[in-house]
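What follows is the residue order along each chain.
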Amino acid sequence: MTSSLQLSFQSMNNILEIKSLRKSYHTKDSEILAVEDFSYSLSDGEFIAIVGPSGCGKSTILSILCGLEKKSGGEITIKDNYKIGYMLQQDSLFPFRTILDNCLLGLEINHELTKEKKKKVIDLLSTYGLKDFINSYPDELSGGMRQRVALIRTLATNPDILLLDEPFSALDYQSRLAVSDDVYRIIKQEKKSAIIVTHDLAEAISLASKVIVLSERPSKIKKVFDIKLSNRSTPIENRKAKEFSEYYDAIWKEIDFHV
Amino acid sequence: MFSEEHYLFIKKQRRNQFYVRFTQIFILILFFILWQCLANFHMINTFIFSSPRQMFSTIIELHKTGDLYQHIWVTVYETLISFGLGTFLGLLIATILWWFPFISKVADPYLTILNSLPKVALGPIIIIWCGAGIRSIIFMALLISLIITIINIYQSFINTDKNKIKLMKSLKANKWQVYIKLIFPNSIKDFISTLKINISMSLIGVIMGEFLVSKEGIGYLIMYGSQVFNLNLVIAGIFILCLVAAIMYYCILYIEKKLIK
């Protein structure tokens, strides 16, 4: 046991180790193997994307990492004192709480709400263009703004690793581009690591430095793409890089899409 | 500030509102006038159908003896107690059902049967159990309002957006935190509309109880009137009951407006 732990942390930069993760679901008349064998080591500050055909169990992996679901097998090791934050497709802002109170939810729950931390959240909201809406209610905000609030709510508890589960799919195309730019900037500025699950290949290539392609269910890692763009900058700019379409084609070929 | 078109729009809306209100009052007055005319021209038997004039003079008599207020107070008092108890117990039991899915699954058929059972059928048993007094009346009203309160509040609890619960869990909230920070505040609107149903249900229950067993109250007034064949008293009782029901309903509406802004 000790040796395996030492082995897994041979590279001190790794903050999250996933080893042959397995997950099955049980229904009355069947057992479905959703994830068969998923292993990955996430290093500090890394931004990776997981793509795959729909229903392949991408989101399941994040749910397990975040502790919402139990794994059926395999090992997950998180570096000491490292915390995980989870951001979902729906912003799930509470309509009866103001924007600020929505962002303070995590701190309240963990009894960590102090004056300094509250001030930090207010600073975050101000930095990312939500200063005028601190005391507004969610229904006064646009979809893109709400998604930014959801990210700040996730950041409020100061996690080190962010799990993003299709965070932009509820948005229309334009806000999607803009918000993914914002979210990328926020995550980089706050020096977080992130795993994003998405079905949008362009989004994956423009955001992440590594794209993991999963097979159909039961999902296994089919291929890992190192995304090397000639002049990497913001996600929107990255889409203009000359390698972009080559990666797009290469990943597209790997995914088992059925029409 | 606004364009002329906007003012015209507001004016038109106000006028529409006025017409609605005017027609409502007009119908009521027309009804009383028609009724009184039919009585005056002996086209209806006032011994059976009473008349507005006789009804109002009965109310004035009750007012002079002071009995009127005693009867109204007893009915309102009984209604408020069963309303309060029904709301409190309803919320408590709905919370227990939400907290323990096992209990809610077990209770489901019982609640369904209790809900569809005409509670007045239990009247004779209630009188034997609780005695011929105010306790029976309150118990009857409670039975009528409680089940529907439980079902409504519980439904609202379990219809809370699953994604919001998932979010709470991802923030490591325990069950109590999920309840107090999400489930309950999220259901406030439904809770208040349940109050509106509950106040009417309580009043129905109280009148039913007063019909079965009572010495005072509006229900008693109506029942007594019919027994001594004093239709003036029966109609007066119904008229007062309409007023009381309306006032209590609008009180809840007022509270709703204060709470939800």
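Look above for the structure.
Because the structure is a prediction, the values reported are computed rather than measured.

Participant: When you look at the pairing of strand S8 (residues 210-214) of chain A in this model, what are you seeing that I'm missing?
Facilitator: A regular strand places its side chains on the two faces of the sheet in alternate fashion. Residues and elements named next belong to chain A. When you tally the buried positions in S8, you get four out of five residues, the bulk of the element. Relative to S8, strand S3 (residues 47-51) runs parallel, the two being bridged by four bridges. Residue pairing for S8: Ile48 is matched across the bridge by Lys210. Sheet analysis places S8 next to strand S9 (residues 219-226), joined by five bridges and oriented antiparallel. Along S9, the bridge assignment pairs Val211 with Phe225.

Participant: Just checking my understanding: could you explain the packing of aromatic side chains for this structure?
Facilitator: Here a ring pair, both rings aromatic, is described through the centre-centre distance and the interplanar angle of the planes. Across all of its chains, the model carries 21 aromatic pairs over all chains by this definition. With centroids separated by 6.0 Å and ring planes inclined at 50°, the aromatic side chains of Phe32 of chain B and Phe56 of chain B adopt a geometry described as tilted. Separated by 24 residues along the polypeptide, Phe32 of chain B in helix H1 (residues 4-40) and Phe56 of chain B in helix H3 (residues 52-65) bring together distant segments of the chain. The lysine or arginine in question, Lys23 of chain A, covers the ring of Tyr25 of chain A, its NZ or CZ lying 5.1 Å from the ring centre. Lying over the aromatic face of Trp98 of chain B, Lys175 of chain B brings its terminal NZ or CZ to 5.4 Å of the ring centre.

Participant: What is the right way to read the packing of helix H4 (residues 67-99) of chain B against helix H7 (residues 134-158) of chain B from this model?
Facilitator: Residues and elements named next belong to chain B. Where H4 meets H7, the axes come as close as 7 Å, and the angle between the chain directions of the two elements is 35°. In the crossing of H4 with H7, the sense of the turn from one axis to the other is right-handed. Across the contact of H4 with H7, the residue classes break down as 20 nonpolar, seven polar and one charged.

Participant: Is there a simple way to think about the interface of chain B and chain A in this case?
Facilitator: Many descriptions give the size of an interface as the accessible area lost when the pieces come together. Between chain B and chain A, the contact holds 15 residues from the first and 19 residues from the second. Each partner contributes to the roughly 1,600 Å² buried at the junction of chain B and chain A, and carbon and sulfur atoms together form 67% of this total. In terms of surface lost to chain A, no three residues of chain B exceed Leu167, Leu171 and Lys181 of chain B, which account for 37% of the buried area on that side. Between the two partners, chain B and chain A, sit one salt bridge. In this structure, Glu108 of chain A engages Lys181 of chain B in a salt bridge whose closest nitrogen and oxygen atoms are separated by 2.9 Å. Seen at the junction of chain B and chain A, the total is four residue pairs in polar contact (both at pLDDT 80 or more). If one sorts the elements of the side of chain B that touches chain A by residue count, helix H8 (residues 162-170) of chain B sits on top with seven residues. Counted by class, the side of chain B that touches chain A contains six nonpolar, four polar and five charged residues.

Participant: Any chance you could explain unusual backbone geometry here in plain terms?
Facilitator: Glycine aside, the phi torsion of most residues is negative, and most peptide linkages are trans. Cis geometry is found at the peptide bond from Arg217 of chain A to Pro218 of chain A, where omega equals -10°. Residue placement: Pro218 of chain A occurs in the loop between S8 and S9. Of note, Ser20 of chain A is a non-glycine position whose phi angle comes to about 35°, a positive value. Relative to the assigned elements, Ser20 of chain A resides in strand S1 (residues 14-26). For Ser20 of chain A, a relative accessible area of 38% corresponds to the partly exposed category. One non-glycine residue with positive phi stands out, namely Ser50 of chain B, at about 55°. Within the element layout of this structure, Ser50 of chain B appears in the loop between helix H2 (46-49) and H3.

What counts, and where the lines are drawn
Residues numbered from 1 in each chain as written. Chains lettered and ligands numbered in written order. Predicted model: local features only at pLDDT ≥ 70, side-chain atom pairs only at ≥ 80, totals over all residues. Heavy atoms only, no water. Buried < 20%, exposed > 50% of the residue type's maximum accessible area, 1.4 Å probe, protein only. Helix = DSSP H or I, 4+ residues; strand = E, 2+ residues; numbered from the N terminus. Pairing = 2+ DSSP bridges. Phe/Tyr/Trp six-rings, centres within 6.5 Å; stacked < 30°, edge-to-face > 60°. Lys NZ or Arg CZ within 6 Å of the ring centre and 35° of its normal. Axes fitted to C-alpha atoms, helices over the stretch in contact; angles between N-to-C directions. Left-handed = near helix turned anticlockwise from the far one by under 90°. Nonpolar A, V, L, I, M, F, W, Y, C, P; charged D, E, K, R; others polar. Contact = heavy atoms within 4.5 Å. Buried area = accessible area lost by both parts, 1.4 Å probe. Salt bridge = Lys/Arg side-chain N within 4 Å of Asp/Glu carboxyl O. Polar contact = N/O pair within 3.5 Å; in protein donor to acceptor, adjacent residues only side chain to side chain.

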